[in-house]
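Residue-level structural notes
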Amino acid sequence: MVSSRILLSVLICALATPAMAQSPQAEGQPVPTLPATDPFFSTCTRNTQWVFERMSATQIRLTGQAEIECPGMGFSADVIDVFTDPELRIVASGNVVFSNPEGRIAAERVEFNVAKGTGTFHQASGILSLGDTVDRAEFGGQEPDVYFYGDTIERLSGRSYKLTRGGFTTCVQPTPRWEVTSSSVLLNLNDYAIARNMLLRVKGVPLMYLPVIYYPIQNDDRATGFLMPTYGSSTLRGQAFSNAFFWAINRSQDATFFHDWFTRTGQGAGAEYRYVAGQNSYGNLKYYRLEQHQAEFNQSGGVSVLPAQSTYQLTGNGNQTIGTAIRLHQRIDYTSSLITQQLYQQNFYQASNATRTVEAGIVGSWRRINTSALFQRVETSTGTDTSQVYGSSPRVTASLAPQRIFGTPIYASVTNDFGRLPYREVRNGVVTTDKGLTRLDVLPTVRAALSRLSFLSFNTSASYRTTYYSRSADDRGRVIDEPITRRYLSLRSDIVGPVFAKIWDTPDSGYSERRKHLIEPTFAIEYIPEINNSNSVLTLSDSSDRIPGGSTRLTYGINNRVLARARTSNGSAGSTIQFLTVGIQQTYYATDRASFNDTQYVSTNLRSRAVDLSDVAVNVKVTPSDRFDATTRLEYDVHGEGLHVITTATRARIGQGSTNVSYSRRRDEDEDADSSLTWGTDVDLLAGRARGSYSLTWDIGRSTILTQGIGLSYLAQCCGIQAEFQRFKYPQSSSNFPIPSDRRFNVSFVLAGLGTFSNFFGAFGGLTGGGY
């Protein structure tokens, strides 16, 4: 409300001077202009037409449109009475107006106890600015002001106010679009407000009643209180009501508590904790538990049943620095039921995530020595009742960065890796395969730079790898408890160049003033001698264990890069951008089996036979400006199978809209094609007051739209509405889904200055922010 310092200042500025208290003036005489004792008051100006009247020994009255103007504030009234006994009190009546840069208050009568600093406004109304701490888009581009009124507004203490039988709104219409009224409101400035018998009206119609509500009014945008509830509806869940409570623990910590009620499937509750301890020390942890009760759904083939069950999900991540050399990190993404996650999640990535991960580690760096330790457990679902469990418990690495040897262009480095690596295959909770083992790996490397020419790069390296395994495989591939040690030499050379370049000016181009074209041939050859016991090594999730010995491979290609220097209006040198890159490469395998573990190509995992030539890979990237970029990769099989891989991604911003499109197609040697399209579009209209979005995930190979959503939002001067519709198709290969697809609708009203949130399952797709 109104600052007591400001109100008291303007009153004392007019009245509290020693001369006025001791020297009464004749009736009808103007008030003399006397100096103020406080330098602050001496800058005020007063209306010299006031009429000064001594009513009694303890009362003085000023009449005649009393007005006071002080720096940044003003005060006026028809009549001002000053009482000096037993305490200094001021009573102003008739068109009382107080104003300052933050707002304005008008009242019929004001009573103020100067000694105690308390007072009461009678029949008061006013307007206050919310400043720059709010999102102006919520006010439709208008000034972020709040309008309030009350039978009485009492100042109880320095920071405490009480409003009786009043209300407030941020709307300027004669009949506000929304308005909150209350029988009484207790406010503690920059802390909280407690309203009793609160009633929310929309266009004058009562919409929601609460007997009591706690609402934060802190200045730092982080205050404890309830968030605006949201409403939703879906085929699976029925009607949905979501509520949240935000707890600002302190400046570095907060917590949010969630509750969701679904009329058809039950209810859920959870909490999120966040902290920031420093620039690189932060974390969050979120827990949610769903109590699902049994529900029946009528389908064309009969009645399907969703069983009653209790499930939970725990997610979080964090970083913590210790000094300047050590960093701790942790991450958890665990759900007790992947089916429940697929049923309820609106975020497609979360819904399709079939992995549970729990990990924690420590990383240290001292000059050229880097070390790390990682505990990790990953479980990936491979079917309705099968999964793979792998990770490390722990895995410790230590490496020495490349060191120059005796001033020569030769560098040496070494990497050591020790780990206990579990690997299990599970069916219906029973372990069917266990390949877990302990591994120790030592890898010294020597690298030499053989060219100092600016247009030619020539590097060669030699590594000798020694790996100890506590378990191995027999001739039939079965796991046996016999340790083995694998050793092999790896030789590799990389050549880039000679590089051809052409530079030319473009005086007639409005896009650039100069361009440069680079042509870079590339060559890489790698040789690994025969490894005697390579077939005895157990293959886990780490691809480095799949090393076929006696192999040579040659990779060759050419890169084209076009750069442009942007044209500027003032003639200064513009920035240089690489707006077009085209690269093509292929690998020749002197030994066919070397094609099985070539990670340079996506198509390596799409064929089961060995080949002597890899696919031809083409990479294209176009970035003419920061508003558009596109990347495309093609992999073409030279053995007659045609295109194996097509991936493309495009991002464009046009006017007030943006579009992201990605397409992927992979075809294996059995002619089975797996292709999908993801599309997202956002557009802002009416100077940002209206926004629309559309998203699509299309499984083209199966002719199925997996998910499709539309989001709309409109923000007027003081209120707005947000709504979204999503259609989510469930997998048809499992009987765990009682319905083929779910249609979801969410809606939320936005009242300017009041916060809303997104529920635990990702309603509104991020259109609504959470917290205060």
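Let me sum up the structure you'll find in this document. (Residues numbered from 1 in each chain as written. Predicted model: local features only at pLDDT ≥ 70, side-chain atom pairs only at ≥ 80, totals over all residues. Heavy atoms only, no water.)

**A look at the overall build of the chain**
Helix and strand content of the chain: four helices and 46 strands. Buried positions account for 39% of the 772 residues belonging to the chain. Intrachain contacts of the chain at a sequence separation of at least 6 include 47% that bridge at least 24 residues. Total accessible area on the chain stands at roughly 39600 Å², and carbon and sulfur atoms take up 54% of it. (Helix = DSSP H or I, 4+ residues; strand = E, 2+ residues; numbered from the N terminus. Buried < 20%, exposed > 50% of the residue type's maximum accessible area, 1.4 Å probe, protein only. Contact = heavy atoms within 4.5 Å. Areas by Shrake-Rupley, 256 points an atom, 1.4 Å probe, with all protein chains shown as cover.)

**Points about the pattern of salt bridges**
Summed over the entire model, instances satisfying the criterion amount to 27 salt bridges. For the salt bridge of Arg492 with Asp494, the shortest nitrogen-to-oxygen distance reads 3.1 Å. Among the residues examined, Asp494 registers a relative accessible area of 28% and is labelled partly exposed. Between Arg691 and Asp682 there is a salt bridge, with its nearest N and O atoms 3.4 Å apart. (Salt bridge = Lys/Arg side-chain N within 4 Å of Asp/Glu carboxyl O.)

**Some words on the side chain of Ser551**
For Ser551, the position within the fold is in strand β36 (residues 551–566). Accessibility expressed as a relative area gives 7% for Ser551, which makes it buried. Those residues in contact with Ser551, other than ones at most four positions away along the chain, are Glu526, Tyr527, Ile528, Thr591 and Ala594.

**Considerations on the environment of Ala723**
For Ala723, the position within the fold is in strand β45 (residues 719–729). Considering only alpha carbons, one finds Ala723 and Gly711, twelve residues apart in sequence, at a separation of 5.9 Å. Dropping the residues within four chain positions of it, Ala723 is found in contact with Ile710, Gly711, Leu712, Phe745, Asn746, Val747 and Phe764.

**Focus on unusual backbone geometry**
A cis amide bond links Ser393 with the next residue in sequence, Pro394, at an omega value of -5°. In this fold, Pro394 is placed in strand β25 (residues 386–404). Cis geometry is found at the peptide bond from Gly497 to Pro498, where omega equals 0°. With a phi angle near 50°, Gln123 is a residue other than glycine that sits in the positive phi range. Along the polypeptide, Gln123 turns up in strand β7 (residues 118–129). In this structure, Phe406 takes a positive phi of about 50° despite not being glycine. Relative to the helices and strands, Phe406 is located in the loop between β25 and β26 (410–421). Residue Phe406 is classed as exposed on the basis of its relative accessible area of 79%.

**Observations regarding the packing of aromatic side chains**
In the structure shown here, the tally under the stated rule is eleven aromatic pairs. Taking the centre distance of 5.4 Å and the plane angle of 15° together, the rings of Tyr730 and Phe737 count as stacked. Owing to a relative accessible area of 2%, Tyr730 belongs among the buried residues under this scheme. A residue is classified by how much of its surface remains accessible, and Phe737, at 9% relative accessible area, is buried. Across from the ring centre of Tyr334, 5.6 Å away, lies the NZ or CZ of Arg356, which sits over that ring. For Lys502, the ring lying beneath its charged end belongs to Trp504, and the centroid distance is 5.9 Å. (Phe/Tyr/Trp six-rings, centres within 6.5 Å; stacked < 30°, edge-to-face > 60°. Lys NZ or Arg CZ within 6 Å of the ring centre and 35° of its normal.)

**Thoughts on a nonpolar patch on the surface**
Together, Val683, Leu685, Leu686, Tyr714, Ile721 and Phe749 give the surface a local cluster of nonpolar side chains, amounting to about 530 Å² of exposed area. Structurally, Leu685 is set in strand β42 (residues 673–685). (Patch = residues over 30% accessible without salt bridge, like charges linked within 9 Å, V, L, I, M, F, W, Y side chains within 5 Å.)

**Things to note about the pairing of strand β30 (residues 457–469)**
Across nine bridges, the pairing between strand β29 (residues 437–449) and β30 is antiparallel. Across the sheet, residue Val442 finds its bridge partner in β30, namely Thr466. As judged from the 13 bridges shared by β30 and strand β33 (residues 484–496), these two strands associate in the antiparallel manner. Pairing of Tyr464 across the sheet is with Leu489, part of β33. (Pairing = 2+ DSSP bridges.)

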